[in-house]
Amino acid sequence: MTDAASDVAALMLAQAAKVPDTVASPVRVLGIDLGTTNSTVAEVVWTRHQAQPPQARCLEVEQTTDTGAYIHVLVPSVVALYQGQVWVGEGARRLRAQASLRRNRDIFYECKNDIGARRTYHLAPSGFHTAAEIGAKVLTFLKAAADASSELSATRTVVTVPASFQVAQRNDTLRAAQLAGLNLQPGDLLDEPVAAFLDYLATHRDTLRAWPQGPQTLVVFDFGGGTCDVAVFRLSIGGAGGPIEIASLAVSRYHRLGGGDIDAAIVHEVLIPRVAEENGLDLNALDFDQRKRHLEPALLSVAEALKVGLCIEIARLHAFGRYAGADKDTIAKTHPGVWPCPCPGYPSLALRSPRLTAARFEELLEPFLDRDFLYARETEYYLTCSIFAPLQDALERAGLLPEDIDLCLMVGGSSLIPQVQEAMRAFLPRAQLLTYGDRESAQVAVARGAAYHALALALLGRGLVQPVAHDAISLRVASGLLELIPRGVALPYPGPNQFAEHLELVVPQTALVGSVPLRVELVAGNEARPVFAATWDIPGLVNRGEPLCLRVQMDANQCLHLE
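Residues numbered from 1 in each chain as written. Predicted model: local features only at pLDDT ≥ 70, side-chain atom pairs only at ≥ 80, totals over all residues. Heavy atoms only, no water.

(A) Here's a closer look at the overall build of the protein chain. In terms of helices and strands, the protein chain carries 12 helices and 29 strands. At 25 Å, the protein chain has a C-alpha radius of gyration in line with the 24 Å of a compact globule built from 563 residues. Here the C-alpha coordinates of the protein chain stretch approximately 75 × 70 × 50 Å along the principal axes. Taken over 563 residues, the protein chain has a buried fraction of 55%. Split by element, the accessible area of the protein chain, about 23,700 Å² in all, is 50% carbon and sulfur. (Helix = DSSP H or I, 4+ residues; strand = E, 2+ residues; numbered from the N terminus. Rg over C-alpha atoms; globule rule 2.2 N^0.38 Å. Buried < 20%, exposed > 50% of the residue type's maximum accessible area, 1.4 Å probe, protein only. Areas by Shrake-Rupley, 256 points an atom, 1.4 Å probe, with all protein chains shown as cover.)

(B) How the structure looks around the sheet that holds strand β7 (residues 78-82). The antiparallel open sheet is built from three strands, whose spatial order is β8-β7-β9. In this open sheet, the two edge strands, each paired with only one partner strand, are β8 (85-88) and β9 (107-109). Looking at each pair of strands side by side, their axes are set apart by 10° on average, direction ignored. Summarising the sheet, β7 and β8 pair through four bridges and their orientation is antiparallel. Within the sheet, the bridge partner assigned to L81 lies in β8 and is V86. (Pairing = 2+ DSSP bridges. Axes fitted to C-alpha atoms, helices over the stretch in contact; angles between N-to-C directions.)

(C) Spotlight on the nonpolar core. Grouped together as the largest cluster of nonpolar side chains are 66 residues, with contacts concentrated most on F221, I266, L271, F361, C408 and M424. For this core, the element with the highest residue contribution is helix α8 (residues 288-319), accounting for 10 residues. (Core = buried A, V, L, I, M, F, W, Y, C linked by side-chain atoms within 4.5 Å.)

(D) Quick peek at the pattern of salt bridges. If you walk through the whole model with that rule in mind, you get 34 salt bridges. The shortest N-O distance in the salt bridge between R253 and D393 comes to 2.0 Å. One end of the pair, R253, is in the loop between β14 (244-251) and α7 (259-278); the other, D393, is in helix α10 (residues 388-398), and 140 residues separate them in sequence. Here R253 falls in the partly exposed class, since its relative accessible area comes to 27%. For D393, a relative accessible area of 6% translates into the label buried. Between D289 and R293 there is a salt bridge, with the nearest N and O atoms lying 3.2 Å from each other. Of this pair, D289 and R293 both sit in helix α8, four residues apart, which is roughly one turn of that helix. Overall, the relative accessible area of 28% leaves D289 in the partly exposed class. Look at R293 and you get partly exposed, because its relative accessible area is 40%. (Salt bridge = Lys/Arg side-chain N within 4 Å of Asp/Glu carboxyl O.)

(E) Representation of the side chain of D222. Positionally, D222 belongs in strand β12 (residues 214-223). The charged side chain of D222 is buried without a salt bridge, its nearest counter-charge being K112 at 7.4 Å. The residues touching D222, leaving out its near neighbours within four places in the chain, are E192, P193, T227, C228, D229, V411, G412 and V446. (Lys, Arg positive; Asp, Glu negative; His and termini not counted. Contact = heavy atoms within 4.5 Å.)

(F) The packing of α10 against helix α11 (residues 418-427), seen in detail. Two numbers describe how α10 lies on α11: the axes approach to 12 Å, and their chain directions differ by 30°. When the axes of α10 and α11 are compared, the pair comes out roughly parallel. Regarding α10 and α11, the two cross each other, and that crossing is right-handed. Facing α10, whose interface residues are F388, L391, Q392 and L395, α11 presents A423, M424 and F427. Looking at the contact of α10 with α11 residue by residue, the classes come out as six nonpolar, one polar and no charged. (Parallel < 35°, antiparallel > 145°, perpendicular 65-115°, else oblique. Left-handed = near helix turned anticlockwise from the far one by under 90°. Nonpolar A, V, L, I, M, F, W, Y, C, P; charged D, E, K, R; others polar.)

(G) Representation of α11 within the structure. Within α11, seven of the 10 residues are buried, which leaves it mostly tucked inside the rest of the structure. Within α11, burial applies to P418, Q419, V420, Q421, A423, M424 and F427. Of the surrounding elements, those touching the buried residues of α11 are β12, α8, α9 (358-365), α10, β21 (407-411) and β22 (432-434).

(H) A look at a nonpolar patch on the surface. A surface patch of nonpolar side chains, amounting to about 370 Å² of accessible area, comprises L512, V513 and L541. Here L512 shows up in the loop between β25 (500-506) and β26 (515-524). (Patch = residues over 30% accessible without salt bridge, like charges linked within 9 Å, V, L, I, M, F, W, Y side chains within 5 Å.)

(I) Main features of the packing of aromatic side chains. Throughout the structure, instances matching the rule amount to nine aromatic pairs. A ring pair is formed by F197 and F233, whose centres lie 6.3 Å apart and whose planes are at 15°; its orientation type is stacked. Of this pair, F197 sits in helix α5 (residues 192-203) while F233 sits in strand β13 (residues 228-237), and the two are 36 residues apart along the sequence. The burial state of F197 is the same as that of F233; both residues are buried. Between F388 and F427 the ring centres are 4.8 Å apart and the planes differ by 50°, which places this aromatic pair in the tilted class. Residue F388 is found in helix α10, and its partner F427 is found in helix α11; the two are separated by 39 residues along the sequence. Look at F388 and you get buried, because its relative accessible area is 1%. F427 sits in the buried class, given a relative accessible area of 6%. Every member of this aromatic cluster is reached through a ring pair, and the members are F108, Y121 and F128. (Phe/Tyr/Trp six-rings, centres within 6.5 Å; stacked < 30°, edge-to-face > 60°.)

(J) Spatial organisation of the packing of α8 against α11. One can describe the packing of α8 onto α11 by two numbers: an axis separation of 9 Å at closest approach and a directional angle of 50°. The angle between the axes of α8 and α11 places the two elements in the oblique class. Between α8, through C311, I314, A315 and H318, and α11, the contact on the second element is made entirely by P418, Q419 and E422. Looking at side-chain class alone, the contact of α8 with α11 contains four nonpolar, two polar and one charged residues.

Structural data, given as structure tokens:
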């Protein structure tokens, strides 16, 4: 594997000797975190012989809302069609409460969960039919903001994806980037846990020197709005300012789990019952359509605000040692104001100064922190899954126990929930928990790490971390499985612009005219998870038993190419 920290230090210190003279100065690169809940764009500008190390910074993006401009580094991954206009970001997020808008018809959010799936939004107009097209709208918005913020054009752009994303999900992300006008090259898709760790290396160099020397096992726990991504790395830490070498051991499978699921639980278990009580309604009189398609979108932002505010207060009490023995029914967050809840049949519904207590919040968190029941549980209205499902999954795939972990980096907005951090401390008894000092950094670390990676690609022609195949990819054949891509092999495989040839296949039947349909199914890992399926036609005239040649390549973006 490449010497990641050594390269980060070299780039951070702008060692001109490492950068070829052919690289023009200045160089501007972008890193984009295309998130489920929020997206972010970061930039790094490098000039030859600059005195200070180049620093990644997240761009503040102006977002149009119905009450004026809103400027922030976080752009909600929400797209809306309203009053003849396409809204992206905060303006679209605020429109979720509009009774006239229907999810996946004229308002779209959490679409990253559908990326790579065959789901289409059939009620939506042209250009808004798939998750890739919605992702493209967000990427286009971020690209336009980045282009407008500087006269320098971006030499390279890196977009992040969950490490657990499979072939179809990565292909869809590339399609979204292409639709947005981003020309992503091999290596420009970066796993989110890797990006987060690169940012931590770049921003906490002094902390790294205090780590014990020798081999260390690191877990990156990336708990965002819609995914919980876990990656396990082996670090080799040299002494006296020596390099840190990093090797990937395992990543978790894709798990549909995020802070948005906690928000949905708050909506359906706390806020909607409160709406019914305040407005004199029988809760059972509210049907699925009213709850799920109208009240939930109107109240999700309220739930998120209550959750975040309560977590900040709990963290403050923890810091003073005053939370453990406190009466948790008296620790609460109130969201002052009157919040309209437009709903068919009940035009004047509203929620007044909603309140969430720490005691109730901990009850709602129980299934998300369950160590024993690791499977997703779905009610009529929302889903719950334990954070220990992806964590145990990654550890088992790496052949490790919780007590084998030395370091755990916590990133993503949902990793800031105090109860999540306490649960991680208890589960990883020997691990030192690595966290960011401020809330915003934990949310934008992935974008900044992507920008550092883009800088390495632009200046040195290679990334900071060698990408590897996280799982073996096999072709299902009549006799079993034929391995095409070995697990852990360096990418691209078998090499740049090369294809591995497999001659073990034969034509399954004779066709004098027409063609022979050939079912192609690819699976991943020991459990043979399906990752690709298609039917190819072999034109006749062909005879049964004639040899077939399958040519295979996996590029640095972990995208598979078959011929």
